[in-house]
Amino acid sequence: MAVIYYGTKRKVKIDKSLGIQECPNCGRQIEMSLAHEKGYVHIYWIPIFPLGGWKFKACSNCGVSQKLTSAEFKALKKA
Ligand SMILES: [Zn+2]
């Protein structure tokens, strides 16, 4: 019986540092980063189709602190 290997892969990419801010999730004054995640579905580790990436502020303490819309992400990236 053939076994088909498939699954999803996700990669987080840090876009830039936002400096020290208060994290809305854990409440600490901490280094925050602007980041986005990209993912894809693979079969036998060959990417088949991309999954919708999402954008967020990353906290160096708790991880994902706040999801962002595309407009918020663009504004922060330009700032
Ligand atoms: Zn946090």
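Before reading on, note that the structure itself is shown above.
None of these values were measured; they are calculated from a predicted model.

A. Region of the structure containing the coordination of the zinc ion. Coordination of the zinc ion by the protein involves Cys 23 (SG), Cys 26 (SG), Cys 59 (SG) and Cys 62 (SG), with metal-donor separations of 2.2 to 2.3 Å. Around the zinc ion, the 4 donor atoms sit at angles spanning 104 to 116°, and that spread fits a shape best called tetrahedral. The motif formed by the donor residues of the zinc ion, counted along the single chain, is C-x2-C-x32-C-x2-C. Here Cys 26 is found in the loop between strand 1 (6-22) and strand 2 (29-43), whereas its partner Cys 59 is found in strand 3 (residues 46-59), with 33 residues between them in sequence.

B. A nonpolar patch on the surface, seen in detail. Taken together, the side chains of Val 3, Ile 4, Tyr 5, Tyr 6, Ile 43, Tyr 44, Trp 45, Ile 46, Ile 48 and Phe 49 make up a nonpolar region of the molecular surface, amounting to roughly 1,100 Å² of accessible area. The biggest single contributor to the nonpolar patch is strand 3, with 3 residues. Mapped onto the elements of the fold, Tyr 6 is located in strand 1.

C. The sheet that holds strand 2, seen in detail. Read across the open sheet, the 4 strands follow the order 1-2-3-4; overall the sheet is antiparallel. Looking at strand neighbours, the two that pair on one side only are strand 1 and strand 4 (63-68), the edges of this open sheet. Taking each pair of neighbouring strands and ignoring which way they run, the sheet shows an average axis angle of 35°. In this structure, strand 1 lies alongside strand 2, joined through 15 bridges in antiparallel fashion. Note on strand 2: the bridge partner recorded for Gln 21 is Ile 30.

D. View of the packing of aromatic side chains. In this structure the tally under the stated criterion is 3 aromatic pairs. When the centroid spacing of 6.1 Å and the interplanar angle of 70° are considered together, the rings of Tyr 5 and Tyr 44 count as edge-to-face. Of this pair, Tyr 5 sits in the segment before strand 1 while Tyr 44 is found in the loop between strand 2 and strand 3, placing the two residues 39 residues apart along the sequence. Judged by relative accessible area, Tyr 5 falls into the partly exposed class, the value being 44%. A relative accessible area of 39% places Tyr 44 in the partly exposed class. Aromatic side chains Tyr 5 and Trp 45 sit 5.3 Å apart centroid to centroid with 25° between the ring planes, which places their arrangement in the stacked category. One end of the pair, Tyr 5, is in the segment before strand 1; the other, Trp 45, is in the loop between strand 2 and strand 3, with 40 residues separating them in the sequence. Using a relative accessible area of 56% as the deciding quantity, one classes Trp 45 as exposed. In this structure an aromatic cluster arises from ring pairing among Tyr 5, Tyr 44 and Trp 45. Against the face of Phe 73 rests Lys 55, its NZ or CZ located 5.7 Å from the ring centre. When the ring centre of Trp 54 is taken as origin, the NZ or CZ atom of Lys 67, which lies over that ring, is 4.6 Å away.

Basis of the calculations
Residues numbered from 1 in each chain as written. Predicted model: local features only at pLDDT ≥ 70, side-chain atom pairs only at ≥ 80, totals over all residues. Heavy atoms only, no water. Donors = N, O, S within 2.8 Å, 3.2 Å for Na, K, Ca; no water. Tetrahedral: all angles 85-135°; square planar, octahedral: opposite > 155°, others 65-115°. Helix = DSSP H or I, 4+ residues; strand = E, 2+ residues; numbered from the N terminus. Patch = residues over 30% accessible without salt bridge, like charges linked within 9 Å, V, L, I, M, F, W, Y side chains within 5 Å. Areas by Shrake-Rupley, 256 points an atom, 1.4 Å probe, with all protein chains shown as cover. Salt bridge = Lys/Arg side-chain N within 4 Å of Asp/Glu carboxyl O. Pairing = 2+ DSSP bridges. Axes fitted to C-alpha atoms, helices over the stretch in contact; angles between N-to-C directions. Phe/Tyr/Trp six-rings, centres within 6.5 Å; stacked < 30°, edge-to-face > 60°. Buried < 20%, exposed > 50% of the residue type's maximum accessible area, 1.4 Å probe, protein only. Lys NZ or Arg CZ within 6 Å of the ring centre and 35° of its normal.

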